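# Fold and contact review
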Amino acid sequence: MAGIGPDLKTAAYIKQLSTPPPAGSPYALPVPGTERENRTPVYRHWQFLDKPLLETYVPEIRTFHDLFQDAVRRFPNNKCLGTRPWDPVTKSWEPRYVWQTYAEVAVRSKNFGSGIQELHSRIGQAPGNYGVGLWSQNRAEWQIADIGLTSQSLFSVSLYETLGPDASEYIIRHAELSCVVTSLPHIPTLLALAPRIPALKLIVCMDPLDGGEPDGYSKMALLSGIAAQHGVEIWPMTGVEELGEKAARPVRPPRPTDILTVNYTSGTTGDPKGVVLTHANCVAAVSSARSSAGYTHTDVTISYLPLAHIYGRMIDQCAVSEGSAIGYFHGNMLELVDDLKLLRPTGLISVPRLYNRISMGIQAQTVKASGVKGALSRKVVDTKKANMKLPPGQATNKHLLYDRIWTPKVRAGVGLDRCRSMVSGSAQLDPDVQEFLRAALGNYFCQGYGLTESYAAGSFQLQGDFSLGNVGGPMPGIEICLESQPELEYLVTDTPRPRGELLLRGPFVFGGYLKNEAETQKALEADGWFHTGDIAEIDELGRIKIIDRKKNVLKLSQGEYISPERIENVYMGSSNLIATAFVHGEPSQSTLVGVFGVDPVTFAPFVSKILKKTVAPDDIEAIKAAARESQVIKSFIKHLDGIGKKHKFNGYERVRNCLLDVEPFTVENQLLTPTLKLKRPQTARKFKSEIDRMYTEINEEASSAQPKL
């Protein structure tokens, strides 16, 4: 296989696929003769209407193992994985990254795979395609372990860093794991669970366990003593690599149909489901994602989105396919900008939550600043917004003068001075945020769509398309259609645009849930169509707009259907006071109520002005007390009304009463999933008494406002 990989011809093809169609032409086209009752025609990427969907750029690359080995051959001396060292003297993270090259990672991962296979053979596990748990924050060792597993045809089962004991136990038992590779803080949890998960025999620690202490005093000695009581062995990761080097087991390359990973969903309404994803799924998804200019030509990227989530995983795999340097954040999300400023990534793939923070931070320092600085910033942004509304082919977010004197300073302030492209995924991005960041940063900023079941891929906006509110057209490796949902009043016959549940089919769509045939049959049709549960519409140019969620639709007493997630996203994307949001409606009521988590830094000056006294941002108890004051709640509702008016909310979409608190939803109180998605039924139950109180207040106020007879 020497010499394979994206040569100049392949690189040109990738660039061709990332190019939008001629001005005014569709991004996706309907396949003739594919209409069915209650369904739209099948839509495909405009360059794949009558040819096979994209599976790979190079016929020889069919697995992630092939993809990584190809990168090692082409970029052996490139920086691969970077880590910020911890300084035990200053007790802080050093302001630098230490790098391992592709060649070095290849050696370590091969040895690790050999060592893991050797350890499993010692506990009676024959070679095969079985799972190994990975449980830690993003770090270089996570990637080395994952690559190492593929070298022996093993697959990873990822556990979210924030998983509690119950969910961890469920996944380890359900996936029948004999071994978990983890960071030091999780070992006590695993040992506490050991009596209930007797299949667990091996724990591999990514962190050092021996610091040269006297015999019997090291972490290794203490933990091994406890583990032995449960028939469990503990190994340091470096020890597994040394064992693997000595055992020198030959590489066992996987087949395209072999499992690469089992990714467990968040489990918002019950036990998490294990999504089975193959090497073929991976290569097809990475190939399609690379056709977006947001994923390709990225020399340096940051890895902070959980690798236990397939979105974070696919981002790193795209980087590997390009020979890019992957720098891992140091673990503290509040200090992520420090990592960005050190790495200066050339591409950023992230989620709306981070982009909301970046947008608010930039706005505070520019368009909302006083004096000349604010006036100039508003002029720059307004000019660029106007330029983005020009006809296709003329629209641009670049400016010859402003991109020399204004934009570079803005980008440098958030560590994005070299960032050529950005992608937002995982949830809907507020259009105002996308428009502002496109103007302020002057780079390619697209929104994409994907799910765990589609290997985080599905659609994206192409370069040069400055439209808002949609997630672009289908990728080259997928086809889509809509199915009517008459009970929700979404029909494919709706005008001017068809509406219905979004269905996906293609080489990166999963084949089923692990040991869960009932849920598999609900989600997958026999001919491969996957029901996403998302309600979408398709515009005149074949672009997808997500407008609702099938399971999260509320119906109020007057018969109106409402998407609470859409309202929450607008609020969080438009207000720097709101950190988290839960909008709720009862079938017996005609109005909405909400529970909002406030940001102490911005909320403190807000309430100080209302109460005419100083409330400090770091005085959390004072902020909580202020949040209960009636005049504060009324002012907050007025603030929400202003946002709703700007976004043209209907009257029944307004939140009429609310509860304010600091971090009302957390993983620890079991109202957020490990991926920080709201658990709606649990949240409604948790705040039932408060919801009842809010509705009582609304109804009493409405009653008192009625004219006396």
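Here the structure is shown first, and the text comes after it.
Residues numbered from 1 in each chain as written. Predicted model: local features only at pLDDT ≥ 70, side-chain atom pairs only at ≥ 80, totals over all residues. Heavy atoms only, no water.

Before going further, it helps to spend a moment on unusual backbone geometry. At the junction of T495 and P496, the peptide bond is cis and its omega measures out at 5° in the coordinates. Unlike most non-glycine residues, R344 shows phi in positive territory, near 50°. Among the structural elements, R344 can be located in the loop between α11 (336-343) and β16 (347-350). A relative accessible area of 35% means that R344 is categorised as partly exposed. (Helix = DSSP H or I, 4+ residues; strand = E, 2+ residues; numbered from the N terminus. Buried < 20%, exposed > 50% of the residue type's maximum accessible area, 1.4 Å probe, protein only.)

Now for empty space enclosed by the protein. Under the definition given, this model contains four cavities of 30 Å³ or more. One number sums up the size of the largest cavity: a volume of about 90 Å³. Contributing to the lining of the largest cavity are twelve residues, with T56, I61, L67, S287 and R290 lying nearest its centre. (1 Å grid on protein atoms, 1.4 Å probe; cavity = no way out; pocket = protein on both sides within 12 Å on 5 of 7 lines; lining within 4 Å. Points joined across faces, edges and corners; volume = space filled by probe spheres on them.)

To continue, consider the sheet that holds strand β2 (residues 43-45). Across a sheet, strands are paired by hydrogen bonds formed along the backbone, either parallel or antiparallel in direction. Taken together, six strands build an open sheet; the order of strands is β1-β2-β21-β22-β23-β24 and the sheet is antiparallel. Since the sheet does not close on itself, it has two edges, and those belong to β1 (28-30) and β24 (544-549), each with one partner. Direction aside, neighbouring strands of the sheet carry axes that sit 40° apart on average. Sheet analysis places strand β22 (residues 499-505) next to strand β23 (residues 530-538), joined by five bridges and oriented antiparallel. Within β23, the residue paired with R499 across the bridge is E537. (Pairing = 2+ DSSP bridges. Axes fitted to C-alpha atoms, helices over the stretch in contact; angles between N-to-C directions.)

This paragraph deals with the pairing of strand β7 (residues 131-135). Side-chain positions along a regular strand alternate between the two faces of the sheet. Summarising burial for β7: five of the five residues are buried, a large majority. Residues of β7 alternate between two faces, with G131, G133 and W135 on one and V132 and L134 on the opposite face, all of them buried. Summarising the sheet, β7 and strand β8 (residues 155-159) pair through five bridges and their orientation is parallel. When the bridges of β8 are listed, G133 appears paired with V157. For the segment spanning β7, helix α4 (residues 140-150) and β8, crossover handedness is right-handed. With three bridges connecting them, β7 and strand β9 (residues 179-182) associate as parallel partners. When the sheet's bridge partners are listed, L134 is paired in β9 with V181. (Right-handed = clockwise from strand over helix to strand, strands pointing away.)

Under the definition given, this model contains 39 salt bridges. Between R313 and D146 there is a salt bridge, with the nearest N and O atoms lying 3.1 Å from each other. On the criterion of sequence distance, the pair formed by R313 in helix α10 (residues 310-321) and D146 in helix α4 is long-range, its members being 167 residues apart. Assigned by exposure class, R313 and D146 land together as buried. Ionic pairing is found between E435 and K389, a salt bridge with its closest N-O pair at 2.7 Å. (Salt bridge = Lys/Arg side-chain N within 4 Å of Asp/Glu carboxyl O.)

So, about the side chain of S608. Inspection of the secondary structure puts S608 in helix α19 (residues 600-611). One polar contact links the side chain of S608 to the main-chain amide nitrogen of V615, over a distance of 2.8 Å. Not counting chain neighbours up to four residues away, the residues in contact with S608 comprise K613, T614 and V615. (Polar contact = N/O pair within 3.5 Å; in protein donor to acceptor, adjacent residues only side chain to side chain. Contact = heavy atoms within 4.5 Å.)

The α-helix winds at 3.6 residues per turn, so residues separated by three or four positions along the chain end up facing the same way. Its twelve residues place the ends of α10 16 Å apart at the C-alpha level, agreeing with the 16 Å of an ideal helix rising 1.5 Å per residue. Judged by how many residues are buried, α10 sits mostly within the fold: twelve of twelve residues are covered. Regarding α10, the residues found buried are I310, Y311, G312, R313, M314, I315, D316, Q317, C318, A319, V320 and S321. The positive-phi residue at the C-terminal boundary of α10 is G323, with phi of around 70°. (Expected span 1.5 Å × (residues − 1).)

A word on helix α1 (residues 8-17). Of the positions making up α1, those classed as buried are T10, I14 and L17. Taken end-on, α1 shows its buried residues confined to a sector of 65°, consistent with a single buried face. Residues of α1 that are exposed and angled more than 90 degrees away from the buried face: L8, K9 and K15. Elements in contact with the buried residues of α1: β2 and α9 (279-290). (Arc of directions from axis to C-beta.)

In this structure, the second largest pocket encloses a volume near 850 Å³. What lines the second largest pocket is a set of 32 residues, and nearest its centre among them are K545, I546, I547, R566 and E653. Going through the elements one at a time, α16 (431-441), β24, β26 (561-562) and α18 (564-574) are the ones with two or more residues in the lining of the second largest pocket. Considering each element in turn, the lining of the second largest pocket owes the most residues, four residues, to β24. Class assignment of the residues belonging to the lining of the second largest pocket gives a composition of twelve nonpolar, eight polar and twelve charged. (Nonpolar A, V, L, I, M, F, W, Y, C, P; charged D, E, K, R; others polar.)

Time to look at the environment of A427. Mapped onto the elements, A427 comes out in the loop between β17 (421-424) and α16. Each C-alpha atom of the pair A427 and K246 lies 46 Å from the other, and the pair is 181 residues apart in sequence. Ignoring any residue separated from it by four or fewer positions in sequence, one finds A427 in contact with P352 and Q447.

In this section: the packing of helix α2 (residues 64-74) against helix α3 (residues 102-122). Where α2 contacts α3, the two axes come as close as 8 Å, and the packing angle between them is 140°. When the axes of α2 and α3 are compared, the pair comes out oblique. Judged by the twist between their axes, the crossing of α2 over α3 is left-handed. Packed against α2, whose contacting residues are F68, A71 and V72, the element α3 presents Y102, A103, V105, A106 and S109 at the interface. Of the residues belonging to the contact of α2 with α3, the class tally is seven nonpolar, one polar and no charged. (Parallel < 35°, antiparallel > 145°, perpendicular 65-115°, else oblique. Left-handed = near helix turned anticlockwise from the far one by under 90°.)

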